[in-house]
Amino acid sequence: MTATVLRPMQAEDHASLMELWRASEGVILRESDTPDAMARFLARNLDTSWVALHDNAMVGSIMAGQDGWRGYLYHVAVHPDWRRQGIGTQLVEKAVAAIQSRGIPRIHCLVKHDNADAQAFWLKHGFTRRDDVVDFAL
């Protein structure tokens, strides 16, 4: 059996990522998840976003970036058939290390209130749930 391989996310991965994200019930896709938007994001955040491949099939992903002050994790997903094998942990470790290597110690991720599995995952990985802020979006 071949091993799962991690590599930096590329703009050309868009179609495979959309397929993975649609298969991942915790990922919410928006009209802004376009190939052009992804290419802009990746150009601004070199080597912080990763994909997991098994036999060239995408089985996991993490989009991660920073604004110079804070780090952010987006679209963290592992295909349901590949969960509980450490892929999500590997992706988070790679993204967090890449952001922290830029001198940014604080990293955030957004999780839906009703996604208990994702909340347990983040708590297990040392993240703290915050109840002191409310997220607003435009």
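Here, every reference points to the structure presented above.
Residues numbered from 1 in each chain as written. Predicted model: local features only at pLDDT ≥ 70, side-chain atom pairs only at ≥ 80, totals over all residues. Heavy atoms only, no water.

Participant: Give a detailed account of the environment of Asp 33, specifying residues and quantitative values.
Facilitator: Its place among the elements puts Asp 33 in the loop between helix H1 (14-23) and helix H2 (35-44). Between the C-alpha atom of Asp 33 and that of Ile 87, which follows or precedes it by 54 residues, the distance is 23 Å. A distance of 2.8 Å separates a polar atom in the side chain of Asp 33 from the backbone nitrogen of Arg 30. (Helix = DSSP H or I, 4+ residues; strand = E, 2+ residues; numbered from the N terminus. Polar contact = N/O pair within 3.5 Å; in protein donor to acceptor, adjacent residues only side chain to side chain.)

Participant: Got a sec to walk through the pattern of salt bridges? Specific residues and values, please.
Facilitator: For the structure shown, the criterion picks out four salt bridges. Across the pair Asp 13 and Arg 7 runs a salt bridge whose closest N-O atoms are separated by 2.8 Å. Classification of Asp 13 by relative accessible area gives buried; the value is 6%. For Glu 25, the salt bridge identified is with Arg 83, shortest N-O distance 2.8 Å. Of the two residues, Glu 25 sits in the loop between H1 and H2 while Arg 83 sits in the loop between strand S4 (71-78) and helix H3 (87-100), which places them 58 residues apart along the sequence. (Salt bridge = Lys/Arg side-chain N within 4 Å of Asp/Glu carboxyl O. Buried < 20%, exposed > 50% of the residue type's maximum accessible area, 1.4 Å probe, protein only.)

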